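# Chain and residue survey
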There are 2 protein chains.
Amino acid sequence: MNIINGGVCAAKGYKANGVHCGIRKNPGKKDLALIVSEKIANVAAVYTTNLVKGAPLTVTKNHIADGKAQAVICNSGNANTCNFDGIEIAEKMCKLTADAVNISEKDVVIASTGVIGQRLDLTPIAAGMKPLADGISEVGHIDAAEAIMTTDTISKEVAVEFTVGGKTCRIGGMAKGSGMIHPNMATMLVFITSDVAISSELLQKALSSDIANTFNMVSIDGDTSTNDMVVVLANGMAGNDEITEENEDYAEFMKALNTVTVHLCKMIAGDGEGATKLLECKVSGADDEQTAKIVAKSVICSSLLKSAMFGADANWGRVLCAIGYSGADVDVSKIDVSFRSPKGTLDVCKNGAGIDFSEELAKEILLESEIEILVSVGNGNEGATAWGCDLTYDYVKINGDYRT
Amino acid sequence: MNIINGGVCAAKGYKANGVHCGIRKNPGKKDLALIVSEKIANVAAVYTTNLVKGAPLTVTKNHIADGKAQAVICNSGNANTCNFDGIEIAEKMCKLTADAVNISEKDVVIASTGVIGQRLDLTPIAAGMKPLADGISEVGHIDAAEAIMTTDTISKEVAVEFTVGGKTCRIGGMAKGSGMIHPNMATMLVFITSDVAISSELLQKALSSDIANTFNMVSIDGDTSTNDMVVVLANGMAGNDEITEENEDYAEFMKALNTVTVHLCKMIAGDGEGATKLLECKVSGADDEQTAKIVAKSVICSSLLKSAMFGADANWGRVLCAIGYSGADVDVSKIDVSFRSPKGTLDVCKNGAGIDFSEELAKEILLESEIEILVSVGNGNEGATAWGCDLTYDYVKINGDYRT
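Computed from a predicted structure; not experimentally measured.

### Here's the deal with the overall build of chain A
Scanning chain A for helices and strands turns up 11 helices and 15 strands. For chain A, the spread of C-alpha atoms along the principal axes amounts to about 65 × 50 × 35 Å. Looking at the 404 residues of chain A, the share that counts as buried comes to 63%. Counted over contacts in chain A with a minimum sequence separation of 6, partners at least 24 positions apart contribute 80%. Charge centroids of chain A, computed over 35 positive and 52 negative side chains, lie 4 Å from each other.

What follows is the structure, encoded as structure tokens:
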């Protein structure tokens, strides 16, 4: 499997574009993205479990109930959530999209991200739709990935090439991350496109099983968003025999999908709002996977540990504290903790108690931009990884006046 | 009932003191506190549910198993947690205390707060014990309250006077708050003294029932501490008939206790690490109390909302978001949200959707130092209140280099 360029246009038959239509005030910031598949595609999706759900999620769920979709429209700058006319607006936005690319509005996936509780004005979207649709191309993935950014500082794309049944296949994806990220059975906005031939059922199965270990293990700030969604389109244009059962081809697809999702997870976590560091908590030695997951996620969510990591302070007591209140059933006297980065590995806690370590080496290791927090909770065989980021002045700054 | 001065020395028969013995490097910062009751007192306590528990909790639990105690010793600067010899050290510290005030070591309550995972050196404590014990007095509550502070910026004391069975009774308390505060069936460090005569059983019952609506509803940063503890001593010196059942006297005592604990809750939340504002989320209209509590606590814990409050930004979508992911079973279309402060009340969300409001008035209201977030979730009769604080640059600063 190779990592390749092309993002959501890497797979056969996909074109995309992103423009500034005027939802956002800054004319330099794109705010409307479109992805179109040449052929109608099988589709799968997962959504936030927040009871407060964005109107676009309701509309998308309805549109893809038949397992089919052909285009994705997504705006930034406004979440179209908690508005009395949200669903009506989202439906109209799908109609505008469908008319512009000449497909059925029932085959449009829609997503929105931005401020909650402000009415979404369709005027700029209606005006921008023609240039958006006219401009779709195979290099448009770059503009599309930019157009879904909110407080993200970098656009997030990845694509891989692999083989299924002798045919070259591709999967590409783009994501918007940054804030209000603490997925729970669903995730932030992620759009994935593939040319693999796979049934809608298997596509959904693959996605649902993958996110349990990828997007659901990311947390930026503990706030599960109202508009989280991951959508995968697979249009079958790679020409492989359609995957309809959990065979070898399915395993290959899963592997490629996982490469894409893990890559996007790390990009999202590393570019969390205000973040200066990507944190990766790797838990091992658990008796069961669930315990390992609970521990990894609790560590990655601790505001105290996140602040310590920002300050490059090896305050491992906060790792133990977070494990202790996680709810996981672990034996504290068996916990080991180490910090690792390209500068080296530092053991800081053995059997639940502190051990002597070099504060200088600790500083050197923790000043890197990617830190692994290695936790062993016993002699079991199960493990889990969670991704997060440090808590910084800029997180507070960004969120102290997000609306203005 | 009157609020009076005197803190933990307000009730009859209690003396206290606080000194700098040298656990902390800064000679201006007191680090050792002592409270002594003239007569042996009935005692009740609640502890953190964190699996990682400070050694002092284990020792205290053991010492007060008989429902009796006569002194409280507490140091700041070191939590005596995650150390291989923690329990031995805590036992020795109790012995030093007992010898200095001439009581049994089994009647000493011990607590520690500060860095986790660094051995607690008894040398400065042994040296400081005599001046500490020699100096106890009825005005020593001020020094004692100072000595338990960690990153607290103000010491936290309160006392009330009330009547039980015709006798004047008092309850006083002191607390240390600030960081690693997200109580779960227990709380931060709080010491409460009373001269009421009440059985240990009823005292425990009163405390356990009170904290469910007070300390357990406070969150500074979502991190449940390893050393949380609330202890109440009641030495009976007020001369009332001992309270041994849930009668009118018990109700009076509960009311007074609640005044003390709510007061300390608000002081702890308002002085949360880096905080500029006390946030009080009042939920009403719930069908059951548990739902109201879950909603109130989720709102108060949202990093996004806390940042918005720091920035005086009426970003109520984050209140709805936090309610939506709280796990509470509520009908989103029935949620109303208002912000209130001494500057006025502002309705921002009605029936789950945004309503027009004056951004100027919003700013004026939210620039105050005490903000109420009023949430109505329906037509039920149950409610709950939770306390927290805003998330600020200083929280990150304080916790980026806490150990140095």
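### A word on the packing of aromatic side chains
Using the criterion set out here, one finds three aromatic pairs over all chains in the structure. Aromatic side chains Phe 310 of chain A and Tyr 393 of chain A sit 5.3 Å apart centroid to centroid with 80° between the ring planes, which places their arrangement in the edge-to-face category. Pair noted here: Phe 310 of chain A is in helix H8 (residues 303-310) and Tyr 393 of chain A is in helix H11 (residues 393-400), with a separation of 83 residues, a long-range link. A ring pair is formed by Tyr 393 of chain A and Tyr 393 of chain B, whose centres lie 6.3 Å apart and whose planes are at 85°; its orientation type is edge-to-face. Of this pair, Tyr 393 of chain A sits in helix H11 while Tyr 393 of chain B sits in helix H11 (residues 393-400), each in a different chain. Overall, the relative accessible area of 31% leaves Tyr 393 of chain A in the partly exposed class.

### A look at the pairing of strand E4 (residues 68-78) of chain B
Residue and element names in this part refer to chain B. When you tally the buried positions in E4, you get nine out of 11 residues, the bulk of the element. As judged from the seven bridges shared by strand E3 (residues 32-47) and E4, these two strands associate in the antiparallel manner. Of the residues in E4, the one forming a bridge with Ala 41 is Ala 69. In this structure, E4 lies alongside strand E5 (residues 108-115), joined through eight bridges in parallel fashion. Of the residues in E5, the one forming a bridge with Val 72 is Val 109. Handedness of the β-α-β unit built from E4, helix H2 (residues 86-101) and E5 comes out right-handed.

### Re the relation of the copies chain A and chain B
Take chain A, turn it by 180°, move it 0.0 Å along the axis, and it overlays chain B with an RMSD of 0.0 Å. Such values leave the two copies arranged in the relation of a two-fold axis. For chain A, the smallest separation between a C-alpha atom and the rotation axis is recorded for Tyr 393 of chain A, amounting to 2.4 Å. Most of the interface of chain A is mirrored in chain B: 100% of its interface residues are interface residues there too.

### Topic: the sheet that holds strand E14 (residues 370-376) of chain B
All names here are of chain B. Pairing is mixed in the open sheet, where six strands are placed in the order E13-E12-E11-E14-E10-E15. Two strands bound the open sheet, and with one partner strand each, they are strand E13 (353-354) and strand E15 (382-389). Where strand E11 (residues 336-341) lies against E14, five bridges are found, and the strand directions are antiparallel. What sits directly across from Asp 336, in E14, is Ser 376. Most of the contacts of helix H7 (residues 289-301) go to E15, to which it runs at about 20°, and overall it touches strand E10 (278-286), E14 and E15.

### Some details on the side chain of Glu 157 of chain A
Residues and elements named next belong to chain A. With respect to the helices and strands, Glu 157 occurs in strand E6 (residues 156-164). Comment: no salt bridge for buried Glu 157; closest opposite-charge side chain is Lys 30, at 11 Å. Not counting residues within four places of it along the chain, the set of residues in contact with Glu 157 comprises Gly 7, Val 8, His 141, Ile 142, Ala 145, Gly 173, Met 174, His 263, Leu 264 and Met 267.

### As for the side chain of Thr 392 of chain A
Topologically, Thr 392 of chain A is positioned in the loop between strand E15 (382-389) and H11. Within polar-contact distance, the side chain of Thr 392 of chain A engages the backbone oxygen of Gly 274 of chain A at 2.6 Å. Ignoring sequence-local partners within four residues, the contact set of Thr 392 of chain A consists of Gly 274, Ala 275, Thr 276 and Phe 310 of chain A together with Val 396 of chain B.

### Here we look at the interface of chain A and chain B
The extent of an interface is frequently quoted as the accessible surface area lost upon association of the parts. Taken together, the contact pairs 53 residues of chain A with 53 residues of chain B. Here chain A meets chain B over a buried area of about 4,100 Å², counting both sides, of which 59% is carbon and sulfur. Applying the counting criterion to the chain A and chain B interface returns eight residue pairs in polar contact (both at pLDDT 80 or more). Counting only elements with at least two residues in the side of chain A that touches chain B, the list comes to H8, helix H9 (317-324), strand E13 (353-354) and H11 of chain A. Per element, the largest residue contribution to the side of chain A that touches chain B is six residues, and it comes from H11 of chain A. Across the side of chain A that touches chain B, the residue classes tally to 24 nonpolar, 20 polar and nine charged.

### With respect to the pattern of salt bridges
Residues and elements named next belong to chain A. Per the stated rule, a full pass over the model turns up 28 salt bridges over all chains. As a salt-bridge pair, Lys 266 and Glu 280 come within 3.8 Å of each other at their nearest N and O atoms. With Lys 266 in helix H6 (residues 248-270) and Glu 280 in strand E10 (residues 278-286), the pair connects residues that are 14 residues apart, well separated along the chain. For Lys 266, a relative accessible area of 30% corresponds to the partly exposed category. Classification of Glu 280 as buried rests on a relative accessible area of 10%. By sharing partners, the salt bridges in this structure join Lys 30, Asp 143 and Glu 146 into a single network.

About the criteria used
- Numbering of residues starts from 1 in each chain and follows the order in which that chain's sequence is written.
- Whichever chain is written first is A, and whichever ligand is written first is 1; the rest continue in order.
- Restriction of local features to residues with pLDDT of at least 70 applies here, the model being predicted, together with a cutoff of 80 or more for giving and counting side-chain atom pairs; totals for whole chains, interfaces and linings are based on all residues.
- With hydrogens and water set aside, each side-chain value is computed from the structure's full complement of heavy atoms.
- A run of DSSP states H or I qualifies as a helix once it reaches four residues; a run of E qualifies as a strand once it reaches two. Both are numbered from the N-terminal end.
- For the exposure calls, accessible area comes from a 1.4 Å probe over protein chains only, and a residue counts as buried if that area is under 20% of its type's maximum, exposed if over 50%, partly exposed in between.
- Here, two residues are considered to be in contact whenever any of their heavy atoms come within 4.5 Å of each other.
- This count recognises Lys and Arg as positive and Asp and Glu as negative, with His and chain-terminal groups excluded.
- To locate a charge, take atom NZ for lysine, CZ for arginine, CG for aspartate or CD for glutamate.
- Planes of paired rings set the category: under 30 degrees apart is stacked, over 60 is edge-to-face and the rest tilted, where pairs are Phe, Tyr or Trp rings (Trp by its six-membered ring) whose centres lie within 6.5 Å.
- In this scheme, strands are said to pair when DSSP sees at least two bridges between them.
- Look down the strands so they point away from you; if the path from the first strand over the helix to the second goes clockwise, the crossover is right-handed.
- Here the copies are superposed with least squares, the fitted atoms being C-alpha atoms of residues at a pLDDT of at least 70 in both.
- To obtain each axis, a line is fitted to C-alpha atoms, and for helices this fit is confined to the stretch in contact; angles are then taken between N-to-C directions over 0 to 180 degrees.
- Salt-bridge detection follows one rule: a side-chain nitrogen of Lys or Arg within 4 Å of a carboxyl oxygen of Asp or Glu.
- Side-chain atoms alone can form a polar contact between residues adjacent in sequence; in general such a contact is a pair of N or O atoms within 3.5 Å, and within protein one must be able to donate a hydrogen while the other accepts it.
- Each of two parts loses accessible area, computed with a 1.4 Å probe, when they are put together; buried area is these two losses added.
- Ten residue types, Ala, Val, Leu, Ile, Met, Phe, Trp, Tyr, Cys and Pro, are classed as nonpolar, four, Asp, Glu, Lys and Arg, as charged, and the remainder, Gly among them, as polar.

Everything listed is a geometric property; what it means functionally is a separate question.
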